[in-house]
Amino acid sequence: MNMESIVSLCKRRGFLFQASEIYGGLNGFWDYGPLGVELKRNVKEAWWQDMVQRHDDLSQLPGSPSPFSMTGIDSTIIQHPQIWKCSGHYDLFCDHMQTCRQCKKLVRSDHIPDMLRNADWFQSFVESCCIKRPDGTVEFLSPAAFDWARARKLGRRLAPGLALVRNPELTLSWLAEDLQNDPTLPSRLSMTELLQYMATLQKKQTGFQSPCPHCGGDLTDPREFNLMFKTTVGALGDEDDTAYLRPETAQGIFVNFKNVIDSTRYRLPLGIAQVGKSFRNEITPRNFTFRSREFEQMECEFFCHPDSSAEWYRYWRDRRMQWYRDLGIAGDRLRLREHEPEELSHYSTGTADIEYAFPFLADGEFGELEGIAHRGDFDLRSHMEGKLDEKSRPLQVQLGPDGKPKWRGSGKDLSYRDDLTNEKYIPHVIEPSAGADRATLAFICEAFSEDQAPDEDGKMQTRSVLKFHPRLAPVKAAVFPLVKKDGMPEMAKEIYLALKKEFNVFYDEKAAVGRRYRRQDEIGTPYCITVDGQSLTDGTVTIRDRDTLEQVRIKADDCLATVRQKIGG
Ligand code: GAP
């Protein structure tokens, strides 16, 4: 699986475009094209159907501690700013970032090692100037480094900001000086240390510098950077009018918990679901849609009794993993990773990530698709009493210098009274939180394959095919007349219009039928229906399966029922 082929297919066939492309694009923003919008809608629809609409609240589902209810809301993107103070996003939702003093670009500190490994200049430097030893240390070829730095097409083009390139004599002199003092140094030098030498112009004045992954320039020390996008509400635009675009949909659910309970007859355990846009001013958006600045989340906050919350955590962790498997991510590219106890907040009995081995990652690396977290009563209590101090034990409201809550809560009672037992308690929450864009990207990567299929002359050719689960496929069926005459188009159009009432279908009468099949395979259409000569005499058509290439004859009148039954879901 090759990410370049996937990205190129996505653009060529209208799945994904760079946002604002005609103006040079806007980093971290992506637009979904005609096929992409259908695919992503199907992902979100499958999530909503499986989580909310089709949920059986009358039975005890396998693995669940008891029957439970599921419902949904749709809250606003801009919410009261106090929500983000109580949730912790105002104080804590930060990344550490560094700025390159040469090219002025920002980079996220924890992304630097990975970005460096993939940087063209770094690869070229290693290839030309280093011999890597099996123990991870490097043999450094100083004359080769000098030549590399001076070469117009190497150092000067690839890493114009690198100290070694800006002043090779001076930079290499620090290494030579240190070598004189300690001749054993080369045998201990790691790649990181060597790079620091290459990035440092004035070691005595500045100490060692870390290189910018973009140009090799020296980076500033890490600074905190809040990821929330700021905006203003109202015409005055004063500091008091500052508001934020939500960085997650979850808080909209917590602050509506009481509204949902008071306006419905739901009892706990109850899951409240929401699908919608979230915004994070990511410092280094990258890897296609994986880390974007505007994206969609599919989140559920599941409210339950504290005594059963650990069991519910396990239920949701396993159930969410199964959801991806059922929709076609079945192999070892999908994994569930339980967080180590030291990674957990102390109020949480568990957090797990569902991860996928995206093709843009190095071998053995996985990227997060969804997190399932046991959040205890942290969020509801923070919105009641004021932001809790996540390090306190038992949890206590975080106080400001005046001894009052640092961030005041709503003061509203968000506890729940069980009308059968009369017990009153603050529910615990299990949060399965998925990204619609990451899931869509994983489904594309998983579906992408190349195999051999016969062309219109019966010759075996390499076929590019997206093997989407039929529920997710953007186009469910294509309808073709074999040739554009003898009444075949009329019959095919009738079938097309009948299917279109229920499904996204495509009509095509142009080019040889073999080519039409291949065009549909490439976008993942699971079924192609063809009207041929025989159709006109006996009212049957062929239906071709994308994956098996098998064609069977069915009655034209049965097309809708057949596609419906095959898509199932
Ligand atoms: N309410 C919990 C929460 O928001 P998160 O791990 O920050 O948790 C949940 O986000 C999911 O949202 C992630 O697993 C991922 O699928 C998606 N997500 C987060 N940041 C993203 C980004 N910058 N671009 C695309 N998807 C993102």
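*Asks:* Go over the pattern of salt bridges with me, naming the residues and quoting the values.
*Replies:* Under the definition given, this model contains 42 salt bridges. Here E296 and K40 are joined by a salt bridge, their closest N and O atoms 2.8 Å apart. With a gap of 256 residues between them, E296 in strand β12 (residues 294-304) and K40 in helix α2 (residues 34-53) connect regions that are remote in the sequence. Residue E296 is classed as buried on the basis of its relative accessible area of 10%. By relative accessible area, K40 is classed as buried at 7%. Between R337 and D353 there is a salt bridge, and its shortest N-O distance comes to 3.4 Å. In this pair, R337 sits in strand β13 (residues 334-338) while D353 sits in strand β14 (residues 351-356), placing the two residues 16 residues apart along the sequence. What makes R337 partly exposed here is its relative accessible area of 26%. Residue D353 is classed as buried on the basis of its relative accessible area, which comes to 7%. Connected via shared salt-bridge partners are R335, R337, E343, D353 and E355.

*Asks:* So what's going on with helix α1 (residues 3-12)? Which residues, and what values?
*Replies:* Those residues of α1 lying buried are M3, I6, L9 and C10. All buried residues of α1 lie within an arc of 125° about the axis, which places them on one face of the element. Opposite its buried face, α1 presents the exposed residues E4 and R12, each directed more than 90 degrees away. Elements that come into contact with the buried residues of α1 comprise β1 (16-18), α18 (436-447), β21 (448-454), β22 (460-466) and α20 (513-523).

*Asks:* Lay out the site of the ligand in plain terms, naming residues and giving numbers.
*Replies:* Neighbouring the ligand are 18 residues, the closest being E248, R280, S292, E299 and E368. In the environment of the ligand, a nitrogen atom lies 2.8 Å from a nitrogen or oxygen atom belonging to the backbone of S292. In the environment of the ligand, an oxygen atom lies 3.0 Å from a nitrogen or oxygen atom belonging to the side chain of Q297. Counting residues per element, the ones that place at least two in the shell around the ligand are β12, β15 (367-376) and β20 (428-435).

*Asks:* Can you explain the packing of aromatic side chains? Please cite residues and give values.
*Replies:* Geometrically, a pair of aromatic rings is defined through the distance of the ring centres and the angle of the planes. Summed over all chains, the structure comprises 30 aromatic pairs. Ring centres 4.9 Å apart and planes at 85° place the aromatic pair W30 and F288 in the edge-to-face group. Separated by 258 residues along the polypeptide, W30 in strand β2 (residues 30-32) and F288 in the loop between β11 (270-279) and β12 bring together distant segments of the chain. Taking the relative accessible area as the measure of exposure, F288 reaches 10% and is therefore buried. By the ring-pair criterion, three or more aromatic residues cluster together here, those being F68, F302, W312, Y315 and W316.

*Asks:* I'd like a description of the packing of helix α6 (residues 120-129) against helix α7 (residues 142-150), backed by residues and values.
*Replies:* Between α6 and α7, whose axes approach to 9 Å, the crossing angle comes to 140°. With respect to each other, α6 and α7 are oriented oblique. Note on packing geometry: the crossing formed by α6 with α7 is right-handed. Residues W121, S124, F125, S128 and C129 of α6 form the contact with α7, whose own contacting residues are A144, A145 and W148. The residue makeup of the contact of α6 with α7, split by class, is six nonpolar, two polar and no charged.

*Asks:* Run through the sheet that holds strand β5 (residues 106-108), naming residues and quoting values.
*Replies:* Paired through backbone hydrogen bonds, the strands of a sheet run either parallel or antiparallel to each other. Across the sheet, three strands lie side by side as β5-β4-β8; this open sheet has antiparallel pairing. One side of each edge strand has no neighbouring strand; the edge strands of this open sheet are β5 and β8 (223-226). When the angles between neighbouring strand axes are averaged without regard to direction, this sheet yields 50°.

*Asks:* Please set out the nonpolar core residue by residue, giving values where relevant.
*Replies:* Counting residues in hydrophobic clusters, the biggest one holds 58 residues, and the most contacted among them are F302, W316, W323, Y324, F358 and F443. Counting residues per element, the ones that place at least two in this core are α1, α2, β12, α16 (309-326), β14, β15, β20 and α18. If one sorts the elements of this core by residue count, α18 sits on top with eight residues. V165, W174, Y197 and C212 belong to the second largest nonpolar core, which has 36 residues in total.

*Asks:* Give me the sheet that holds strand β24 (residues 505-507): which residues, what numbers.
*Replies:* In spatial order, the strands read β24-β23-β25-β26-β27; together these five strands make up an open sheet with mixed pairing. Two strands lie at the open edges of the sheet, namely β24 and β27 (551-555), each paired on one side alone. Direction aside, neighbouring strands of the sheet carry axes that sit 25° apart on average. Bridge count for strand β25 (residues 527-531) against strand β26 (residues 540-545) is four bridges, and the pairing is antiparallel. The partner of T530 across the bridge, within β26, is T542. Contacting β23 (477-481), β24, β25, β26 and β27, α20 runs over the sheet at an angle of about 170° to β23.

Definitions and cut-offs
- Residues numbered from 1 in each chain as written.
- Predicted model: local features only at pLDDT ≥ 70, side-chain atom pairs only at ≥ 80, totals over all residues.
- Heavy atoms only, no water.
- Salt bridge = Lys/Arg side-chain N within 4 Å of Asp/Glu carboxyl O.
- Helix = DSSP H or I, 4+ residues; strand = E, 2+ residues; numbered from the N terminus.
- Buried < 20%, exposed > 50% of the residue type's maximum accessible area, 1.4 Å probe, protein only.
- Arc of directions from axis to C-beta.
- Contact = heavy atoms within 4.5 Å.
- Near = heavy atom within 4 Å.
- Polar contact = N/O pair within 3.5 Å; in protein donor to acceptor, adjacent residues only side chain to side chain.
- Phe/Tyr/Trp six-rings, centres within 6.5 Å; stacked < 30°, edge-to-face > 60°.
- Axes fitted to C-alpha atoms, helices over the stretch in contact; angles between N-to-C directions.
- Parallel < 35°, antiparallel > 145°, perpendicular 65-115°, else oblique.
- Left-handed = near helix turned anticlockwise from the far one by under 90°.
- Nonpolar A, V, L, I, M, F, W, Y, C, P; charged D, E, K, R; others polar.
- Pairing = 2+ DSSP bridges.
- Core = buried A, V, L, I, M, F, W, Y, C linked by side-chain atoms within 4.5 Å.

Treat this as a map of the structure, not an account of what it does.
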